[in-house]
Amino acid sequence: MKTVKSSELFSKAKEYIPGGVNSPVRAFRAVGGNPLFIKRAKGAYLFDEDDNQFIELINSWGPMILGHGNELIEKSVREALSDSLSFGAPSRKEVEMAELIVNMVPSVEMVRMVNSGTEATMSAIRVARGYTGREKIIKFEGCYHGHGDSFLIAAGSGAVTMGVPDSPGVPQGVANDTLTAPYNNIEAVKLLVEKNKNKIAAIIVEPVAGNMGCVLPKPGFLEGLRKICDEENIVLIFDEVMTGFRLSASGAQGALGVQADMTTLGKIIGGGMPVGAYGGKKEIMQKVSPAGPVYQAGTLSGNPIAMSAGLTILKYLNEHPDIYNQLSKQTDYLVKGLKKANNLLGLDYTFNHIGSMFTMFFTNTSVVDFETAKQSDLKKFAEYFQAMLSRGVYMAPSQFESLFISTAISTELADQIILAHTESMKQIHN
Ligand code: KE4
């Protein structure tokens, strides 16, 4: 596969951009080799600067659920362009967008638009702290909520001590207020709550985890969190930046039937444009400036071009809920084919999947949290990633990411992925 132009671009990029990329996971550090520089995309395909073509299972980390170059979304953006790119003043589309999100996500009664998932989660915990007057939060190991200081925290020693910074630059003072528990471990949460009585403002969780690979909540886990939060007056925040409008027209909450007090959103709601949002119960959201004292702001929040793209994709998903059954069926077909190929090779790697999200873990243990996800053979994963890339299938360059199916993945393309997978697994297990 020719990669001359990508390699040249990567060398130049590293002179001007840290690591040559604007987001670390794109640098292929976990899989080796140089990243490919993408020139354009259409439907289920990415095309790189050396004109290599790939069937892609990243969907830009979630947003492109309708595939690349969706005519409706692009038309709405083109039409909006002639009215100027940004006003920095309230606009009709922001009201329409807020109303649509409130109508689509039952637990959201009010919503504030921001520009990324990170902004959404940072803001949500500030509001939860302002609303409760408490300072500590609980997050789960392996869940990622963006790069806000409060979230870049590893588990402290023992399950009941404070967190430790997971990155230089995160002050211990911030880490002291972030407690961590293993995903799916409700007993650990109860212990933390007992040890920090009336000090915990919020529990933030990915209702279906995608950032340690796809990990599903065990039956009773989310319900257990809901119960604890009700009993202890803790704000339950579902970080649905990834699952929002991915697992159903009302996200994981709609698919799994557990409601949050606050919800953070991103990715799909921008249709590919930079958009995030946080929302929840009216009594909580009324705390947000200028309605209330909790400050949060943003120059490009509710940007009219981004709202045009977001309105178009959300309206489409809201009016075509059958899409989710179609995506689930297609994902089931693909996962079945991948599993069958593995079985014929005597391999029993673990698959986790729900709706149009899935991950194959290079371990045969069941993966229910970050510790079990980390039992995966990362060297094997890297070999697999490169083998698939060489066969024209572009996957997430990390074992600890979920893959996504878009509506552009037809049965024919799924068969091509299964074939590439079969050949790749033979190659790396010889
Ligand atoms: P952004 O700030 O990247 O828009 O969103 C942060 C975020 C928050 N919450 C969840 C559940 C998320 O998955 C994310 C971002 N997801 C990663 C992919 N695992 C984005 C890819 C990247 O970091 O480049």
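Fair warning: this is a prediction, and the values are worked out from it, not measured in the lab.

Rules and cut-offs
Residues numbered from 1 in each chain as written. Predicted model: local features only at pLDDT ≥ 70, side-chain atom pairs only at ≥ 80, totals over all residues. Heavy atoms only, no water. Salt bridge = Lys/Arg side-chain N within 4 Å of Asp/Glu carboxyl O. Helix = DSSP H or I, 4+ residues; strand = E, 2+ residues; numbered from the N terminus. Buried < 20%, exposed > 50% of the residue type's maximum accessible area, 1.4 Å probe, protein only. Near = heavy atom within 4 Å. Polar contact = N/O pair within 3.5 Å; in protein donor to acceptor, adjacent residues only side chain to side chain. Areas by Shrake-Rupley, 256 points an atom, 1.4 Å probe, with all protein chains shown as cover. Nonpolar A, V, L, I, M, F, W, Y, C, P; charged D, E, K, R; others polar. Domains from an automatic or database assignment. Contact = heavy atoms within 4.5 Å. Buried area = accessible area lost by both parts, 1.4 Å probe. Pairing = 2+ DSSP bridges. Axes fitted to C-alpha atoms, helices over the stretch in contact; angles between N-to-C directions.

1. Digging into the pattern of salt bridges
Then, in step 1: Going through the model one piece at a time under the given rule, you end up with 15 salt bridges.
Then, in step 2: Across the salt bridge formed by Lys197 and Glu194, the nearest N and O atoms sit 3.5 Å from each other.
Then, in step 3: Its salt-bridge partner being Arg391, residue Glu423 comes within 3.2 Å of it at the nearest N-O pair. Here the residue Glu423 occupies a position in helix α14 (residues 411–428), and Arg391 occupies one in the loop between α13 (378–390) and β15 (393–394), the gap between them amounting to 32 residues.
Then, in step 4: Taking the relative accessible area as the measure of exposure, Glu423 reaches 35% and is therefore partly exposed.
Then, in step 5: Taken together, the shared-partner salt bridges in this structure form one network comprising Arg226, Asp230, Asp261 and Lys281.

2. Some thoughts on the site of the ligand
Then, in step 1: Neighbouring residues of the ligand: 16 residues in total, closest Ser23, Thr118, Asn211, Asp239 and Glu401.
Then, in step 2: Asn211 is positioned with one of its side-chain polar atoms (N or O) 2.4 Å from a nitrogen atom of the ligand.
Then, in step 3: The contact in question runs from a nitrogen atom of the ligand to an N or O atom on the side chain of Glu401, over 2.7 Å.
Then, in step 4: Coverage of the ligand by the protein chains reaches 85% of its 540 Å² of free accessible surface.
Then, in step 5: Looking at the shell around the ligand residue by residue, the classes come out as 5 nonpolar, 7 polar and 4 charged.

3. Concerning the domain arrangement of the protein
Then, in step 1: Along its sequence, the protein is organised into domain 1 (4–69 + 322–429) and domain 2 (71–319).
Then, in step 2: Spacing between the C-alpha centres of domain 1 and domain 2 amounts to 26 Å.
Then, in step 3: Across the contact, 30 residues belong to domain 1 and 32 residues belong to domain 2.
Then, in step 4: Taken together, the two surfaces of domain 1 and domain 2 that pack against each other cover about 2400 Å², and 67% of this comes from carbon and sulfur.
Then, in step 5: Considering only the surface of domain 1 that becomes buried against domain 2, Tyr324, Ile354 and Met357 emerge as the three largest contributors, covering 26% of it.
Then, in step 6: Breaking the side of domain 1 that touches domain 2 down by element, the ones donating at least two residues are α11 (322–344), β13 (350–354), β14 (357–361) and α12 (370–373).
Then, in step 7: Residue contributions to the side of domain 1 that touches domain 2 peak at 4 residues, all from β14.
Then, in step 8: Classifying every residue of the side of domain 1 that touches domain 2 gives 18 nonpolar, 10 polar and 2 charged.

4. As for the sheet that holds strand β3 (residues 53–56)
Then, in step 1: Spatially, 4 strands are ordered β1-β2-β3-β15 in an open sheet, and the strand pairing comes out mixed. On the outer flanks of this sheet lie β1 (38–42) and β15, each paired with one strand and no other.
Then, in step 2: Here β3 pairs with β15 via 2 bridges, running parallel. Among the inter-strand pairings, Glu56 is bridged to a residue of β15, identified as Tyr394.
Then, in step 3: Together, β2 (45–48), β3 and β15 form the strand contacts of α14, whose direction differs from that of β3 by roughly 105°.

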